[in-house]
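Observations on the model geometry
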Amino acid sequence: MSATDSQGVIVYSENHNLLLELLGAGRRLADKLGTQLSAVLIGSKVTEERQKEAVKHGADRVYVVDEPRLKTFDVETCGAALLTVLKAYASKVLLIGATKRGKELAPRVAAVLETGCMTDCITLDLDGEGRLTAKRMTYGGSAIAEVVCLKKPQIATVPPKTFEKPTPSDRTGEVIPLRVALPEPKVKVVERRQKQQAAFRIEDAPVVVGCGRGFKKKEDVKLLEELAEVLDARVSCTRPLAADYHWMQEWIGLSGHKIRPKLYIAVGISGTIQHVAGIRDAQTIVAVNADEETPIFNAVDYGVVGDLYKVVPALTKLLKEKLRK
Amino acid sequence: MVNVIVLIKDIVDLTEIKVDPSTQRPILAGLSRKISDVDKRAVEAAVQLKEKNGGRVVVVSLGDDKTRTALREALAMGGDEAYLLKDPAFEGSDTLATARILAATIEKIGNYDLILCGEMTLDSLSAQVGPRLGALLGLPQVTYARKLEVKGDMLVAERDLEEEDEVVEVPLPVVVTVTREVNEPRIPALMSIMRASRKTITEWGGEALGLSADEVGAIGSAVRVLEVKAPPMERKRTIIKVETEEEAARSLVERLIKDGVVK
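Residues numbered from 1 in each chain as written. Chains lettered and ligands numbered in written order. Predicted model: local features only at pLDDT ≥ 70, side-chain atom pairs only at ≥ 80, totals over all residues.

Below, the discussion takes up the overall build of chain B. Check the secondary structure of chain B and you find seven helices and 15 strands. For chain B, the proportion of its 263 residues judged to be buried stands at 49%. Put simply, 70% of the contacts in chain B that link residues at least 6 apart link residues at least 24 apart. (Helix = DSSP H or I, 4+ residues; strand = E, 2+ residues; numbered from the N terminus. Buried ≥ 20, exposed ≤ 12 C-beta atoms within 10 Å, placed from the backbone. Contact = placed C-beta atoms within 7 Å.)

A word on the nonpolar core. Side chains of a nonpolar character, in soluble globular proteins, are inclined to be buried together. Among the nonpolar cores identified, the biggest contains 187 residues, and V6, V59, L116 and V176 of chain B are the most heavily contacted of them. Beyond its immediate sequence surroundings of up to four residues, L116 of chain B is in contact with V4, V6, A42, A45, A46, V176 and V178 of chain B. (Core = buried A, V, L, I, M, F, W, Y, C linked by C-beta atoms within 7 Å.)

Our next topic: helix α1 (residues 37-53) of chain B. Residues and elements named next belong to chain B. Look at α1: 25 Å from first C-alpha to last across 17 residues, which is about the 24 Å you get at 1.5 Å a residue. Three or more residues of α1 are buried, namely V38, D39, K40, R41, A42, V43, E44, A45, A46, V47 and L49. Immediately beyond the C-terminal end of α1, within one or two residues, lies G54, with a positive phi of roughly 80 degrees. (Expected span 1.5 Å × (residues − 1).)

Another aspect to go through is the packing of helix α5 (residues 221-231) of chain A against helix α8 (residues 308-322) of chain A. Residue and element names in this part refer to chain A. Axis separation between α5 and α8 bottoms out at 9 Å; the angle between their running directions is 20 degrees. By the criterion of interaxial angle, the relationship of α5 to α8 is roughly parallel. When you trace α5 past α8, the crossing you get is left-handed. Between α5, through L223, L224, E226, L227, V230 and L231, and α8, the contact on the second element is made entirely by V312, P313, L315, T316, L319 and K320. (Axes fitted to C-alpha atoms, helices over the stretch in contact; angles between N-to-C directions. Parallel < 35°, antiparallel > 145°, perpendicular 65-115°, else oblique. Left-handed = near helix turned anticlockwise from the far one by under 90°.)

Okay, the domain arrangement of chain A next. Residue and element names in this part refer to chain A. Its domain assignment divides chain A into domain 1 (5-177) and domain 2 (202-322). The centre of domain 1, based on its C-alpha atoms, is set 37 Å off from the matching centre of domain 2. The interface of domain 1 with domain 2 comprises four residues on the first partner and four residues on the second. Class assignment for the residues of the side of domain 1 that touches domain 2 results in one nonpolar, three polar and no charged. (Domains from an automatic or database assignment. Nonpolar A, V, L, I, M, F, W, Y, C, P; charged D, E, K, R; others polar.)

Turning our eyes to something else, we now look at the sheet that holds strand β8 (residues 143-149) of chain A. Spatially, four strands are ordered β6(A)-β7(A)-β8(A)-β14(B) in an open sheet, and the strand pairing comes out antiparallel. Single-partner strands in this sheet number two, and they are β6 (121-126) of chain A together with β14 (223-229) of chain B. On average, each strand axis in the sheet is tilted by 25 degrees relative to the strand beside it, whichever way the strands run. With five bridges joining them, β6 of chain A and strand β7 (residues 132-138) of chain A adopt antiparallel strand pairing. What sits directly across from C121 of chain A, in β7 of chain A, is R136 of chain A. (Pairing = 2+ DSSP bridges.)

The subject of this paragraph is the packing of helix α3 (residues 95-109) of chain B against helix α4 (residues 129-137) of chain B. Residue and element names in this part refer to chain B. For the pair α3 and α4, the least separation of the axes is 9 Å and the interaxial angle reads 55 degrees. Put simply, α3 runs oblique to α4. For the pair α3 and α4, the sense of crossing is right-handed. Every residue of α4 that contacts α3 at T95, T98, A99, L102, A103 and I106 is listed here: V129, R132, L133, L136 and L137.

And the structure:
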């Protein structure tokens, strides 16, 4: 192992698209550190196309661990594979895609290596001493913490869509296959079923209207559905309405969907930090609430103080005229 | 018989957090504390497993004297005994040091089939303690469980992943993290609360756990927090407060059209 190896940046995600995004972030870090960027591909029958894609998206090296046992993701076996790579090619920085699987893998690997791990990083940078710093949500999404990792490898997990996938270019890179002795997985998957996908994901909706506890009963949500129809919007809600009252299946917020629509209209929503954490990236935020003191008004572009039972129908009527629908 | 060690954290009430307008830092002093919601559901899950299979539920928390309130609550929910891990040297522990302290505790308590905790605590959102313990204790891990059942010496769990649900089987002992959907935690009856006041809370520090000062606290940690600030909210914050709802609607629609948000 050469000295430069232990300075390298390594990225891994079982989600190939996210891996390519990480290569973009990793490339910038590696360039600043004047070091190499490597991608780890773990699986069974890892295609040559994926290896090439990793190189085209910025990897100088691609470590490939290809074993039949790695056909499906198991955190212990996958962790063992990743640890083998890190043992052979010690790195300074390790970025892991913050899918649910990535987020259970990273701390397990960090514990074995006795190092730190920074979860769900939304920015990545280097401090004056070349140490990895990151910003991440904390206190239930009400604050952003800037953190630094003092031990090596410095591990960070990065959620999908945090960094742009780099533009592929005709670069060259080295593909290094590794043989790994893998443990027998203790956890046995007896059933795997695809989640019932909503025909249309709320994350993709350009306009979203959300209802909160200002609505007195489920039937009243119809008012919002009428508004949504005029705006081609999707209707969603806050956590209590879905999780406690079961008015809907899904909600917007820290523990639910995080959306970034062009327009979000929060109706009868008080604006807990957990809800606001899910709408923070909306381009324009509007709220309708009878209580002028409610915290949602601190998070809006336009806040209408008024009775939602009157404001919403008035809005629907007016927009129908203006948009000629 | 299933012996469960359940890990909880008492966190500040996140709904009470306000931001200091001059520094943009969250004000945490004086906030009330409560068991992190997902951890409370882990306690409920542990008690339900005990009710069904027999066994014991041991509750563990790293904290200070105020943490006793959280431990009493978990005992009132059905925990049998509790451990408070308290030492000035533990202060400032990140997940690396926290997992070390918890692993040493679990090994010292011993005789467990299941380690249970929430998928993450709602304050730090790190989601690391469960998987780290899996590695440190050499145990398999089952994360994001929203249903769990013990069948003989096996755990059967349903995991909630992004695109799919997974039903898994794993031999005990195992580390399990649960999601919010796993159950609705009970509200203990007065009798249970009174009984809980007679249950034992044992206090352990670094020495009792055989941990040296450089393995714990800020010194034993790898991640340092440099700054905590409220996220920038660059919003117009225009409040429309007029006589009638029709006027308000008109004013809003005009602004949205002018901004090009609505076309």
